[in-house]
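Here are the chains, one letter per residue:
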Amino acid sequence: QQQVKQSPQSLIVQKGGISIINCAYENTAFDYFPWYQQFPGKGPALLIAIRPDVSEKKEGRFTISFNKSAKQFSLHIMDSQPGDSATYFCAPLDRGTTTDSWGKLQFGAGTQVVVTP
Amino acid sequence: DGGITQSPKYLFRKEGQNVTLSCEQNLNHDAMYWYRQDPGQGLRLIYYSQIVNDFQKGDIAEGYSVSREKKESFPLTVTSAQKNPTAFYLCASSRTSGGAGTDTQYFGPGTRLTVL
């Protein structure tokens, strides 16, 4: 079953503009909400992540907004640059039924962002 | 220079052949993962291993096999039973204990497998 729904599928933004990507989830047991960035032909890399005890986290031009009641979180890329052109994945963490401190990531389908000069 | 290496970068296979993809990490991570990525889709988990000599099936394990004989190595075999093996395969690793930082997975550069 699809636990994570990511939108939009693709996004074109002009240099200096704002890119916004949304992620909706069903599993209320998720307790860690990262965004991964992937360049063509490369593996994904962690970009920014948030835990559910805060509603917003900002790192440079990247901000996560988290709405626990709506079961949604979003990535905002401010002052978008051509170097930000990549595919972005939300991937909330499912720890399952164990008390382990680690878990499995549930990836969204990805959003391809293109920043035009 | 710590990280995850995958080899080969490109792999071509004839139908009916088994192939093995290599994944090595020197991050001293206990957990390792294999994902499959198809165009327009997110990453889907094939197998994962929390510790040496133990591994579990992920969401799409049919037609694949793994081994975990050493902490730093987690090879994936794509067998002839996998009906549609052409894809981009990604290996990842993470810590399994120690609080903050256990949630981050570190990915290798991937292997692109094409069935001819």
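Residues numbered from 1 in each chain as written. Chains lettered and ligands numbered in written order. Predicted model: local features only at pLDDT ≥ 70, side-chain atom pairs only at ≥ 80, totals over all residues. Heavy atoms only, no water.

**Structural notes on the overall build of chain A**
A tally of regular secondary structure across chain A gives 0 helices and 12 strands. Reading the helices (α) and strands (β) of chain A from amino to carboxyl end gives β-β-β-β-β-β-β-β-β-β-β-β. Referenced to the eigenvectors of the C-alpha coordinate spread, the extents of chain A come out at roughly 45 × 30 × 20 Å. In chain A, of all internal contacts separated by at least 6 residues, the share reaching a separation of at least 24 is 53%. Of the roughly 5,800 Å² that chain A leaves accessible, carbon and sulfur atoms contribute 49%. When the 11 basic and 9 acidic side-chain charges of chain A are each reduced to a single mean position, those positions are 3 Å apart. (Helix = DSSP H or I, 4+ residues; strand = E, 2+ residues; numbered from the N terminus. Contact = heavy atoms within 4.5 Å. Areas by Shrake-Rupley, 256 points an atom, 1.4 Å probe, with all protein chains shown as cover. Lys, Arg positive; Asp, Glu negative; His and termini not counted. Charge placed at Lys NZ, Arg CZ, Asp CG, Glu CD.)

**Some thoughts on the nonpolar core**
Nonpolar side chains tend to gather and get buried jointly when the protein is soluble and globular. Counting residues in each nonpolar core, the largest one holds 23 residues, and the members touching the most others are A:Trp35, A:Phe73, A:Leu75 and A:Tyr88. Put simply, the parts of the chain that give this core at least two residues each are strand E2 (10-14), strand E3 (19-25), strand E4 (33-38), strand E5 (45-50), strand E7 (62-67), strand E8 (72-77), strand E9 (86-90) and strand E12 (111-116) of chain A. Here A:Phe73 is in contact with A:Ile21, A:Asn22, A:Cys23, A:Tyr25, A:Phe33, A:Pro34, A:Trp35, A:Ile64, A:Ser65, A:Phe66, A:Cys90 and A:Pro92, once residues within four sequence places are set aside. Listed in part, the 19 residues of the second largest apolar core include B:Tyr47, B:Ala61, B:Phe74 and B:Ala87. (Core = buried A, V, L, I, M, F, W, Y, C linked by side-chain atoms within 4.5 Å. Buried < 20%, exposed > 50% of the residue type's maximum accessible area, 1.4 Å probe, protein only.)

**As for a nonpolar patch on the surface**
A cluster of nonpolar residues, A:Ile18, A:Ile20 and A:Met78, forms a patch on the protein surface that exposes about 240 Å² of accessible area. Inspection of the secondary structure puts A:Ile20 in strand E3. (Patch = residues over 30% accessible without salt bridge, like charges linked within 9 Å, V, L, I, M, F, W, Y side chains within 5 Å. Salt bridge = Lys/Arg side-chain N within 4 Å of Asp/Glu carboxyl O.)

**Digging into the pairing of strand E2 (residues 10-13) of chain B**
Residue and element names in this part refer to chain B. Of the two faces of E2, the one lined by Leu 11 and Arg 13 is fully buried and the one lined by Tyr 10 and Phe 12 carries no buried residue. Sheet topology places E2 next to strand E11 (residues 111-115); 4 bridges connect them, and they run parallel. When the sheet's bridge partners are listed, Phe 12 is paired in E11 with Thr 114. (Pairing = 2+ DSSP bridges.)

**Focus: the sheet that holds E5(A)**
Residue and element names in this part refer to chain A. Spatially, 5 strands are ordered E2-E12-E9-E4-E5 in an open sheet, and the strand pairing comes out mixed. Both edges of this open sheet fall to E2 and E5, since each of them pairs with a single strand only. Each adjacent strand pair in this sheet contributes to an overall mean axis angle of 25 degrees, direction not counted. Here E4 runs beside E9; their pairing, made up of 4 bridges, is antiparallel. (Axes fitted to C-alpha atoms, helices over the stretch in contact; angles between N-to-C directions.)

**Examining the sheet that holds E8(A)**
Residues and elements named next belong to chain A. Strand order across the open sheet formed by 5 strands is E1-E3-E8-E7-E6, with antiparallel pairing between neighbours. Bordering the open sheet on either side are strand E1 (4-7) and strand E6 (56-59), each of which pairs with just one other strand. Averaged over all pairs of adjacent strands, the angle between strand axes in this sheet comes to 15 degrees, irrespective of strand direction. As paired strands, E6 and E7 are joined by 4 bridges and run antiparallel to one another. Across the sheet, residue Lys 58 finds its bridge partner in E7, namely Thr 63.

**Some points on the pairing of E1(A)**
Each regular strand shows side chains that alternate between the opposite faces of the sheet. All names here are of chain A. Burial along E1 is one-sided: the face carrying Val 4 and Gln 6 is buried and the face carrying Lys 5 and Ser 7 is not. Across 4 bridges, the pairing between E1 and E3 is antiparallel. Directly across from Ser 7, in E3, lies its bridge partner Asn 22.

**Looking at the state of the cysteines**
Residue and element names in this part refer to chain A. Applying the stated criterion to the full structure yields 2 disulfides over all chains. One disulfide in the model links Cys 23 with Cys 90; its S-S distance is 2.1 Å. In this structure the cystine formed by Cys 23 and Cys 90 twists about its S-S bond by roughly 65 degrees; its chirality is therefore right-handed. One end of the pair, Cys 23, is in strand E3; the other, Cys 90, is in strand E9, and 67 residues separate them in sequence. Taking relative accessible area as the criterion, Cys 23 reaches 1% and is therefore assigned buried. (Disulfide = S-S within 2.5 Å.)

**Some thoughts on the pattern of salt bridges**
Residues and elements named next belong to chain B. This model, assessed by the stated rule, comprises 6 salt bridges over all chains. Between Asp 30 and Lys 71 there is a salt bridge; the shortest N-O distance is 3.5 Å. Placement of Asp 30 in the loop between strand E3 (19-25) and strand E4 (31-37) and of Lys 71 in the loop between strand E7 (64-66) and strand E8 (76-78) is noted, with a sequence separation of 41 residues between them. Residues Asp 38 and Arg 36 are paired through a salt bridge, measuring 2.8 Å at the closest nitrogen-oxygen approach. Taken as a pair, Asp 38 and Arg 36 share a single burial class, namely buried. A single salt-bridge network, built from bridges that share partners, covers Arg 36, Asp 38 and Arg 44.

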